[in-house]
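Architecture and fold: a report
Okay, here's what each chain looks like letter by letter:
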Amino acid sequence: VVCFIMIQGIRRVLAQAEEKRKRIQKNLKLLRKRIIKGDEFYKTHGYSWDWVMVFKVAEADEKPTNFQKKFSIKNVVSRLCEAGLQTSMFYSVQQDEVYCKIR
């Protein structure tokens, strides 16, 4: 009897895992379609972004170093754009980092 209950429990867990896998796959397909729909570059070239740079967001009371002044987000992104690269930037969920996608 104990063995039967364990087998039923395992079957139930496996069935739930399979359902979750199917939902994730469906969501990935929908996300991929949404990305492709709005991105002409992706439609043309078959990929979207090549690199990502991550910048730490400084606290308001932190004094930037000379290195941080020379390689600020603004300066780095300006140089990338001047070199003919495209960028897209957004904050992390915690708002402590800025992600800069590059292609």
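Counting starts from 1 at the beginning of each chain's written sequence and moves along it residue by residue. Restriction of local features to residues with pLDDT of at least 70 applies here, the model being predicted, together with a cutoff of 80 or more for giving and counting side-chain atom pairs; totals for whole chains, interfaces and linings are based on all residues. The side-chain numbers reported here are obtained from all heavy atoms of the structure, hydrogens and water having been left aside.

1. Quick look at the packing of aromatic side chains
Put simply, the rule is: Pairs were defined over the aromatic rings of Phe, Tyr and Trp, the Trp ring being its six-membered one, requiring ring centres within 6.5 Å. Orientation was assigned from the angle between planes: stacked under 30 degrees, edge-to-face over 60, tilted for the rest. Think of it in three bands: residues with accessible area under 20% of the maximum for their type are buried, residues over 50% are exposed, and the middle band is partly exposed, with areas taken using a 1.4 Å probe on protein chains only. Whether a charge sits over a ring comes down to the Lys NZ or Arg CZ being within 6 Å of the ring centre and within 35 degrees of the ring normal.
Scanning the model with the defined rule gives three aromatic pairs in all. Ring centres 5.5 Å apart and planes at 35° place the aromatic pair F90 and Y99 in the tilted group. Overall, the relative accessible area of 39% leaves F90 in the partly exposed class. We note R103 situated over the ring of W49; from NZ or CZ to the ring centre the distance is 4.1 Å.

2. Observations concerning the environment of A58
Rules: Per the convention used, a helix needs a DSSP run of H or I reaching at least four residues, while a strand needs a run of E reaching at least two, with both numbered from the N terminus.
Within the secondary structure, A58 sits in the loop between β1 (51–56) and α3 (66–70). As for A58 and Q68, which are separated by ten residues in sequence, their C-alpha atoms are 9.9 Å apart.

3. Let's talk about a nonpolar patch on the surface
Definition in use: For patch detection, residues must exceed 30% relative accessible area and be free of salt bridges, and they are connected within 9 Å for like charges or within 5 Å for nonpolar side chains (Val, Leu, Ile, Met, Phe, Trp, Tyr). Residue exposure ignores everything except the shown protein chains as possible cover, and the areas themselves are Shrake-Rupley values with a 1.4 Å probe. Put simply, a salt bridge is a Lys or Arg side-chain nitrogen that is within 4 Å of an Asp or Glu carboxyl oxygen.
On the surface, a nonpolar cluster with roughly 320 Å² of combined accessible area is contributed by I24, L28, L31 and I35. Counting through the fold element by element, L28 comes out in helix α1 (residues 2–38).

4. Some words on the sheet that holds β1
This is how the line gets drawn: Two strands form a pair only when DSSP identifies at least two bridges running between them. Fitted lines through C-alpha atoms serve as axes, helices being fitted only where they are in contact, and the angles separating the N-to-C directions of these axes extend from 0 to 180 degrees. When checking whether two residues touch, look at their non-hydrogen atoms; a contact exists if any pair is within 4.5 Å.
Sheet architecture is open: three strands sit in the order β1-β3-β2, paired in antiparallel fashion. The open sheet terminates on both sides in strands that have one partner only, identified here as β1 and β2 (87–91). Taking the axes of each pair of neighbouring strands and ignoring which way they run, one obtains an average angle of 20° across the sheet. Where β1 meets strand β3 (residues 97–102), six bridges bridge the pair, whose relative direction is antiparallel. Among the inter-strand pairings, V54 is bridged to a residue of β3, identified as Y99. Sitting on the sheet, helix α4 (residues 73–82) is in contact with β1, β2 and β3, with an inclination near 155° to β2.

5. What about the pairing of β3?
Of the two faces of β3, the one holding V98, C100 and I102 is buried and the one holding E97, Y99 and K101 is not buried anywhere. Pairing of β2 with β3 involves five bridges; the strand directions are antiparallel. By the bridge assignment, S88 is partnered in β3 with K101. The hairpin turn running from β2 into β3, its antiparallel successor, is five residues long, and Q95 in that turn takes a positive phi close to 65°.

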